[in-house]
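So the chains spell out like this:
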Amino acid sequence: MLTGDLKSKIDQIWNAFWSGGIANPIEVIEQITYLLFLRRLDDLHTLEENKATRLKRPMERRIFPEGLDSRGRAFDTLRWSRFKNEAPSEMFVIVGEHVFPFLRTLGTDDSTYAHHMKDARFTIPTPALLAKVVDLLDAVPMDNRDTKGDLYEYMLGKIASAGQNGQFRTPRHIIQLMVEMTAPTPTDTICDPASGTCGFLVAAGEYLREQHASLFHDAKLNQHFNHGMFHGYDFDNTMLRIGSMNMMLHGVDNPAITYRDSLGQEHGLEEDRYSLVLANPPFAGSLDYENVAKDLLQTVKTKKTELLFLALFLRLLKPGGRAAVIVPDGVLFGSSTAHKALRKMLVEDQKLDGIVSLPGGVFKPYAGVSTAILFFTKTNSGGTDKVWFYDMQADGYSLDDKRQPLLPEDKLGLQRTPAVREQLSKEEHAKNNLPDVLARWARRNEVGEGAEQQRSRTAQSFCVPKADIAANGYDLSINRYKEVVYAQVQHRAPSEILAELAKLDKEIAAGMKVLEGMLK
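A short tour of the structure in this document, coming up. (Residues numbered from 1 in each chain as written. Predicted model: local features only at pLDDT ≥ 70, side-chain atom pairs only at ≥ 80, totals over all residues. Heavy atoms only, no water.)

## A short note on helix H6 (residues 127-138)
Side chains of residues three or four places apart in an α-helix project in the same direction, reflecting 3.6 residues per turn. Given a rise of 1.5 Å per residue, 12 residues ought to cover 16 Å, and the 16 Å separating the end C-alpha atoms of H6 matches this to within 8%. Inspection of H6 places Leu129, Leu130, Ala131, Val133, Val134, Leu136 and Leu137 among the buried residues, and these make up the whole buried set. In the core, the buried residues of H6 are packed alongside helix H1 (4-20), helix H2 (25-55), helix H3 (80-83) and helix H4 (88-104). (Helix = DSSP H or I, 4+ residues; strand = E, 2+ residues; numbered from the N terminus. Expected span 1.5 Å × (residues − 1). Buried < 20%, exposed > 50% of the residue type's maximum accessible area, 1.4 Å probe, protein only. Contact = heavy atoms within 4.5 Å.)

## Quick word on the sheet that holds strand E9 (residues 461-465)
Here nine strands make up an open sheet; going across it, the order is E3-E2-E1-E4-E5-E7-E6-E8-E9 and the pairing mixed. One side of each edge strand has no neighbouring strand; the edge strands of this open sheet are strand E3 (256-259) and E9. For this sheet, the mean angle separating the axes of adjacent strands, direction not counted, is 15°. Of the strand pairs in this sheet, strand E4 (residues 274-279) and strand E5 (residues 317-328) are connected by five bridges, and their pairing is parallel. Along E5, the bridge assignment pairs Leu276 with Arg322. This element, helix H11 (residues 237-249), spans strand E2 (230-234) and E3 of the sheet and lies at about 175° to E3. (Pairing = 2+ DSSP bridges. Axes fitted to C-alpha atoms, helices over the stretch in contact; angles between N-to-C directions.)

## Remarks on the packing of H2 against H4
Taken N-terminus to C-terminus, the directions of H2 and H4 make an angle of 85°; their axes are 12 Å apart at the nearest point. Considering the angle they form, H2 stands roughly perpendicular to H4. Residues Gln31, Tyr34, Phe37, Leu38 and Leu41 of H2 form the contact with H4, whose own contacting residues are Val99, Phe100 and Leu103. A breakdown of the residues in the contact of H2 with H4 according to their chemical character gives seven nonpolar, one polar and no charged. (Parallel < 35°, antiparallel > 145°, perpendicular 65-115°, else oblique. Nonpolar A, V, L, I, M, F, W, Y, C, P; charged D, E, K, R; others polar.)

## Some points on the packing of aromatic side chains
As enumerated under the stated definition, the model contains 14 aromatic pairs in all. An angle of 85° between the planes, with centres 5.2 Å apart, marks the rings of Tyr34 and Phe100 as edge-to-face. Placement of Tyr34 in helix H2 and of Phe100 in helix H4 is noted, with a sequence separation of 66 residues between them. Accessibility expressed as a relative area gives 0% for Tyr34, which makes it buried. Taking 4.9 Å as the distance between ring centres and 75° as the angle between the ring planes, the aromatic pair formed by Phe216 and Phe225 counts as edge-to-face. The exposure class of Phe216 is partly exposed, given its relative accessible area of 25%. Classification of Phe225 as buried rests on a relative accessible area of 1%. Grouping aromatic residues by their ring pairs yields a cluster made of Tyr34, Phe92, Phe100 and Phe122. Above the face of the Tyr233 ring, Arg260 is positioned so that its terminal group lies 5.5 Å from the ring centre. The ring of Trp441 has Arg444 lying over it, and the distance from NZ or CZ to the ring centre is 3.7 Å. (Phe/Tyr/Trp six-rings, centres within 6.5 Å; stacked < 30°, edge-to-face > 60°. Lys NZ or Arg CZ within 6 Å of the ring centre and 35° of its normal.)

## Things to note about the nonpolar core
Counting 54 residues, the largest nonpolar core has Phe37 and Leu103 as its most contacted members. Among the elements of the structure, H1, H2, H3, H4, helix H5 (112-115), H6, helix H7 (145-156) and H11 are those that each provide at least two residues to this core. Among the elements that make up this core, the one with the highest residue count is H2 (nine residues). Setting aside residues no more than four positions away along its own chain, Leu103 makes contact with Tyr34, Phe37, Leu38, Leu41, Met117 and Ala120. Of all hydrophobic cores here, the second largest spans 46 residues; its members include Tyr233, Phe313, Val327 and Val464. (Core = buried A, V, L, I, M, F, W, Y, C linked by side-chain atoms within 4.5 Å.)

## Section: the pairing of E3
Here E2 runs beside E3; their pairing, made up of four bridges, is parallel. Looking at E3, one finds that Asp234 is bridged to Tyr259. One crossover worth recording links E2 to the parallel E3 by way of H11, and it is right-handed. (Right-handed = clockwise from strand over helix to strand, strands pointing away.)

## Section: the pattern of salt bridges
Scanning the model with the defined rule gives 27 salt bridges in all. Put simply, Asp138 and Lys84 hold a salt bridge, and the shortest N to O gap is 3.0 Å. Of the two residues, Asp138 is situated in helix H6 and Lys84 in the loop between H3 and H4; the sequence distance between them amounts to 54 residues. Residue classification places Asp138 among the partly exposed positions, given a relative accessible area of 28%. For Lys84, a relative accessible area of 27% translates into the label partly exposed. Taking the shortest distance from any N to any O, the salt bridge between Arg322 and Asp188 comes out at 2.7 Å. In this pair, Arg322 sits in strand E5 while Asp188 sits in the loop between helix H8 (172-182) and strand E1 (190-192), placing the two residues 134 residues apart along the sequence. (Salt bridge = Lys/Arg side-chain N within 4 Å of Asp/Glu carboxyl O.)

Shown next, in the form of C-alpha cells:
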C-alpha cells in the first residue's frame, strides 16, 4: 500500500521530468524504467558479491564484468551505487556514453528484462535533470515487493494519453474483476496477446499470491510461476520494456514478454497452448487482408481487428481453457457475416459463460466507446445451455473525463470479503456494482427460489437460454433480452396547463403596469 509520502516522492520525480523538458508521459516512464533497471542490476551484483564473500569463493555470475569497456572505463564504475555519487556533469557522461551502451549489450542475457533493453535510448537532456532524478529515485524504497510493484503501478497511472493503434490503459479495478471472476490456479498458463503494461498478468500473479500462497512451497509450481506461467505479446518495444519491468517489480522472475504482431504472425507454436487468456485488445478498425495471419482468416474471414482478436483467443486456448476479454459492443450485435459467424461459434461450438455490459464512460478519458466483457470456455464441442448477463451501471467512479471516486476508498473495488461486500447499502451499490457482479457470478449456476437462473429479465443480472439467443440470430446485446418496466406517469390536462399559463401572463402584465407607474 502506497503512503502519501511515497506518492509525493513519485510526484516529485514526475514533476522533475516535466520541468526538465520531457513532457511525454511514455518517454518519462521509459526513462524511469531504464534507471530502475540499472538500480536492480546493481542490487543483483551486490547480492552475488555478498554470496561470494560469505562462501569464500569467486562470484558465480557477474552482472558488471571485470575490466574496461570499449572506451576504457571500468565496468565497475557503471553501477548505480557508483555513478550516483558523481558530480552531475560526470554522471551524465557515464550514463550516456558508457552505461547505456553497456545496457544495450545485455540483450544476449537469457532474461526477458535484459532482452528488451537491447535498443535502450538515453533521452534525459541535461546533467542537472539526471542528477535530480537519480537522487529522487535513490530515496524511493525498493526492497519490499508489494511497495515497488505499487509504485510502478502508480507511475503507470500517470500515463494519461491514449497510445497509438487504439491502445489505452484498462482501469485496475476492471482488470481485478476479470481476474477474480476467472480465478487463476497455480497450474494455469496465462496469456495476454496485447499485453501493453502487463496489467492483466500482474493482477493474475497478485491473485495467486493472495489465494494460493502455498504454491511457493512447491518447487514445481514455484518454477512454473516464475518461468512458465505468464506470457505477454506486444509489437511496441516501449510497452514491452514497461511491461517487463512491471512484472519484475511484482516479483515474477522470468515472464515471457515478447515482441509479436498477434494478428499478423502465424500461431503454429502458440495454438492450443494456454489455459487462460485475459485481454483488452486494441480496437484499431480494419487491417489489410495481406497483413492478417492466414490461420486467423481460416477461423473467420474479416478485416476487423476486434473479430480477429476473438479468433486469435480461440486459437491460443487449449481445450478446457477459459477467457475473459473486453470487446466493443459492436461485436455483440454487428450484422456482418463475420460478426454472426463468430457469435454462433462462441455459442454453439464453445461454451459462452457470461457477458458483463460495462458502463459507457469506464475507459474515459482515453475512449468513450461502449464495451462488454466476454467470458467463455473453449470446448470445441459446445456446452452453452444458458448465458449469464449483467448490466453494470456504475464502477465506483464518475463516468466523465475526470473519473472521480464516488465512494470512500474502503467502499471502492471488489470488496472481496462477502461480509464486507454485504455492508454496501443500496445507495452505495448504485455507485459501485463490482461487488454485486462478483457475488452474482459466483451464484450463476445455482437453482431455486431467488437464484440467478430464476431472476426476471427486468433485474440487473439474469440468465438467457441458448435457444432464445439462437432465435435472435445469436445477438448477444443485453438490451435484446433485458425487459424494461415503464412506470405509468399521469400528466396534467393541456387545458389546465393553458389556464395556468394565462394566469401567469395576467400576473406578469399586472407587474409591468406597476413598474411603468413607478417610472412616471
